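# Remarks on the overall topology
One letter stands for each residue in the lines below.
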Amino acid sequence: MDISALRARHPDHWARACAIRVLAMDAVEAAKSGHPGMPMGMDDVAPVLFTQYLRFDSQAPDWHDRDRFVLSAGHGSMLLYALLHLTGTPGMGIDQIRAFRQLGAATAGHPEYGHAPGIETTTGPLGQGLANAVGFAMAEESLRATFGPRLVDHRTWVIAGDGCLMEGISQEAIGLAGRQKLGRLIVLWDDNDISIDGAISLSDITDQRARFAASGWHVVACDGHDPEDIARAIDEALASPLPSLVACRTTIGLGAPTKAGSAKAHGSPLGAEEIAATRAAYGWEHPPFVIPDDIGTAWLAAGRRGAPARAEWQRHLEALPESRRSEFLRRMTGEAPRRLAAVISRVKRAASADLPRRATRAASEEVLRAVNPVMPETMGGSADLTGSNNTLTPDLGIFSPENRKGRYVHYGIREHGMAAAMNGMVLHGGIRPYGGTFLCFTDYARGAMRLSALMGVPTVYVMTHDSIGLGEDGPTHQPVEHLAICRATPNTLTFRPCDTVETAEAWEIALTQTGRPSVLALSRQALPTLRTRHSARNLTANGAYVLAEAEGRRRVILMATGSEVEIAMAARDMLQANGIGTRVVSMPSWELFAEADESWRRKVLPSGPVRVAVEAAGRMGWDRWLSGERGSERKSAFVGMEGFGGSAPAPELYAHFGITAEAVATRAEALL
């Protein structure tokens, strides 16, 4: 690439772009780690986007109608940080650039949501940002249909790299976006043909342009170092009703004399000698981390380019009727409607009175039938298991290009793409998504579920068929280790309710969360209503509680979750019949119980009695409640799974694996 010609033809653009390039080189060098090549290569595309197209106001980075910019290629984080700094975004001063990758800095190695304004999502695991962006675009379409284009009228822009497009989640995302005709989604592909190992041809022969076109996208290519050609391609993308891929042919590490265009520029500092030579090639004579006033002023002006549009939008918002304005702001800030508690209470009261015997997946549907009409921000969906997950209620309508007011998404068999898109919807604001698949298939969604927790976003995962209780589909579909995985994930609430009442309570908690995701593990098989006395209190919010107290001197405590609470109650009857006072503790959420006051935990799990836990899953994690919390290893036992399941009717499987009331009672008696 002849950078001298670029400098000569577009001097102002070149100066703005080089400000980003040198900040990236300097920050990576100071940190002694990082990825300088991608920012250096895309620093002709980014200035064109930020100075000509992106609708934003750097002084109001949370403006609800801003364009969303997602750096899916998160390893190139210094591109984003430099842009935020140069445009004057609050919280991104030069001190943060100098502190790149240091403890406590907003400028983490990969962009992290919540660390600084302007970071729309956490990226770094490749492909996640691209898939999040699909959710951003879906949220924009839904809200525009609901509130009108004067309140919601923006685009979602993505910079993605070769690695993003190689990850499997990318096909899930682009297939969904193509089907939904998300014409306000534009992906700028850093087509530099280099990964950490070397040339892309070492590992891939995919024709990415053809792949996107086959998935229903508009595709256009440009010279990623020619600002006029970049603008031409973006204009063409803006004119298309389809989502667009702009293939930007670039040189990684542009201008580095010995490392440009090679893997040497990808994932490590360039080194002082190479940086000095690159500065000379750029014609950049300023010290590290110093931006000359004229270039800095030009960038600050770009950062305020959207201020008039934001002011006009604000005037329109304030002129709206109070009810419409407050509803829009309630939804965008994630506040649950006041009617939710009353609706949940009615579901609980009806269940305690009618005592239905139903699967908790069906109980979940019953809750959603009541909740969805009063929570217009919910957007349900399933990864091609709607009838099994019970996630569609009659009032929702199907979200599609023909019906943007629809609130149910057919994601297809795309668990990972579904989870990541839901994260994007939450991050956008105004939408409370929930999506379903089988609990076993959290394996397919794991990357996005982990990021839900890391970002602290309240995505709701409806995971049905939660044990060997699903029966004949066999061990390929029967989760054994999955509850432990979900519970081991920090900042995640995992619920395994035992009946309709606990299911309603779990939903109430999930829908009022603001800082963490929820996993609802729900049964395929029918379960009895065990909470037979209505209580206005949400007992699930305590994590665990006494469901049935011992009659006589308390000698045994049985602990269980979900479908095995019924087994614990039957075992209690057997033990009580033998004169052994037995308490049953239902534990729908370990995380909430761990967070409960010590006094509550001591009340529920006092010292003294023997303890037996029963759950149709692996033992991992149970020892805290069995031998910790005033318990004793020699006075505790676990009844559950020790390996994978089998293919047979559920009752036969429970008997085969010894997860029965008789087995629980026998273990308890043996400990006395």
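Everything numeric in this text was worked out from a predicted model, so none of it was measured. The written sequence of each chain sets the order in which its residues are numbered from 1. Reporting of local features is limited, given that this is a predicted model, to residues whose pLDDT is at least 70; pairs of side-chain atoms are given and counted only at 80 or more, and all residues count toward the totals for whole chains, interfaces and linings. Side-chain metrics in this entry use all non-hydrogen atoms of the structure; hydrogen atoms and water are not considered.

The next point concerns the packing of helix H23 (residues 564-577) against helix H28 (residues 661-671). Relative to each other, H23 and H28 sit at 55°, their axes nearing to 8 Å. Taken together, the axes of H23 and H28 are oblique relative to one another. The hand of the H23/H28 crossing is right-handed. Counted together, Ile567, Ala570, Ala571, Met574 and Leu575 of H23 and Ala661, Glu662, Val664, Ala665, Ala668 and Glu669 of H28 form the full contact between these two elements. For this classification, Asp, Glu, Lys and Arg are treated as charged, while Ala, Val, Leu, Ile, Met, Phe, Trp, Tyr, Cys and Pro are nonpolar and the rest, including Gly, are polar. Among the residues forming the contact of H23 with H28, the class breakdown is 9 nonpolar, no polar and 2 charged. Note on method: axes are straight lines fitted to C-alpha atoms, helices fitted across the in-contact stretch only, with angles between N-to-C directions ranging 0 to 180 degrees. The helix and strand labels rest on DSSP assignments: H or I over at least four residues marks a helix, E over at least two residues marks a strand, and numbering proceeds from the N terminus. Every angle not falling under 35 degrees, over 145, or within 65 to 115 is termed oblique; those three ranges are roughly parallel, roughly antiparallel and roughly perpendicular. For any pair of crossing helices, the crossing counts as left-handed if the nearer helix is rotated counterclockwise from the farther one by less than a right angle, and right-handed if it is rotated clockwise. Note on contacts: a residue pair qualifies if any of its non-hydrogen atoms lie within 4.5 Å across the two residues.

Their axes nearest at 9 Å, the elements helix H2 (residues 11-31) and helix H5 (residues 77-86) cross at an angle of 120°. Classified by the angle their axes make, H2 and H5 are oblique. Pair H2 / H5 crosses with right-handed handedness. Where H2 approaches H5, its residues Ala19, Ile20, Leu23, Ala24, Ala27 and Val28 are matched on the opposing element by Met78, Leu79, Ala82, Leu83, His85 and Leu86. Residues of the contact of H2 with H5, tallied by class, amount to 11 nonpolar, 1 polar and no charged.

Right, let's get into the sheet that holds strand E2 (residues 156-161). Within the open sheet, the 5 strands sit side by side as E1-E2-E3-E7-E6. Their pairing is parallel. Strands at the two margins of the open sheet, each flanked by one partner only, are strand E1 (68-71) and strand E6 (218-223). Taken pair by pair, the neighbouring strands of this sheet meet at an average axis angle of 20°, ignoring direction. Pairing between two strands requires that DSSP report at least two bridges joining them. One ladder, built from 6 bridges, connects strand E3 (residues 185-191) with strand E7 (residues 244-249); its direction is parallel. Across the sheet, residue Leu188 finds its bridge partner in E7, namely Val246.

Strand order in the open sheet formed by 6 strands is E9-E8-E10-E11-E13-E12, with parallel pairing between adjacent strands. Each end of this open sheet is capped by a strand with a single partner; those strands are strand E9 (408-410) and strand E12 (493-495). Within this sheet the neighbouring strands show an average axis-to-axis angle of 20°, counted without direction. Sheet topology places strand E11 (residues 460-464) next to strand E13 (residues 518-521); 4 bridges connect them, and they run parallel.

Turning our eyes to something else, we now look at the side chain of His266. With respect to the element layout, His266 can be found in the loop between E7 and helix H12 (272-282). In this structure His266 touches Gly34, His35, Pro36, Gly37, His75, Ile194, Ser195, Ile196 and Ile252, once residues within four positions along its chain are discounted.

On to the nonpolar core, then. The tendency in soluble globular proteins is for nonpolar side chains to be buried as a group. Side-chain atoms within 4.5 Å are what join buried Ala, Val, Leu, Ile, Met, Phe, Trp, Tyr and Cys residues into a set we call a nonpolar core. Categorising residues by exposure relies on relative accessible area from a 1.4 Å probe, with only protein chains included: less than 20% of the type maximum marks a residue as buried, more than 50% marks it as exposed, and the intermediate range marks it as partly exposed. In this structure, Met78 and Leu188 are the most contacted members of the largest nonpolar core, which totals 134 residues. Other than its neighbours up to four places away in sequence, Met78 contacts Leu23, Ala24, Ala27, Val28, Pro39, Ile97 and Phe100. Core analysis: the next-biggest nonpolar cluster, separate from the first, contains 50 residues, Leu539, Val585, Ala613 and Ala616 among them.

With that settled, the discussion passes to the pattern of salt bridges. The salt bridge definition used is simple: a Lys or Arg side-chain nitrogen within 4 Å of an Asp or Glu carboxyl oxygen. By the definition in use, this model includes 42 salt bridges. Two residues, Arg9 and Asp226, come together in a salt bridge whose shortest N-O distance is 3.9 Å. You can see Arg9 sitting in helix H1 (residues 3-9) and its partner Asp226 sitting in the loop between E6 and helix H11 (227-238), a full 217 residues away along the chain. Here Arg407 makes a salt bridge to Asp395, at a shortest N to O gap of 3.9 Å. One end of the pair, Arg407, is in the loop between helix H18 (386-389) and E9; the other, Asp395, is in the loop between H18 and E9, with 12 residues separating them in the sequence. According to the relative accessible area criterion, Arg407 is buried, its value standing at 13%.

Turning next to helix H15 (residues 322-333). How far a helix is expected to stretch is found by multiplying one less than its residue total by 1.5 Å. When the terminal C-alpha atoms of H15 are compared, their 16 Å separation across 12 residues agrees well with the 16 Å that a helix rising 1.5 Å per residue should span. Burial in H15 covers these residues: Arg325, Phe328, Arg330, Arg331 and Met332. On its buried face, H15 is in contact with E1, helix H7 (128-147), helix H14 (307-319) and helix H19 (415-428).

Let us now look at the side chain of Arg66. Position of Arg66 relative to the elements: it lies in the loop between helix H4 (45-53) and E1. Of the polar contacts made by the side chain of Arg66, one reaches the backbone oxygen of Pro61; its length is 3.2 Å. Look past the residues within four positions of Arg66 in its chain and what remains in contact with it is Arg55, Pro61, Glu120 and His154. Distance and chemistry together define a polar contact, namely a pair of N or O atoms within 3.5 Å, with one atom able to donate a hydrogen and the other to accept it when in protein, and with adjacent residues in sequence counting only for side-chain atoms on both sides.

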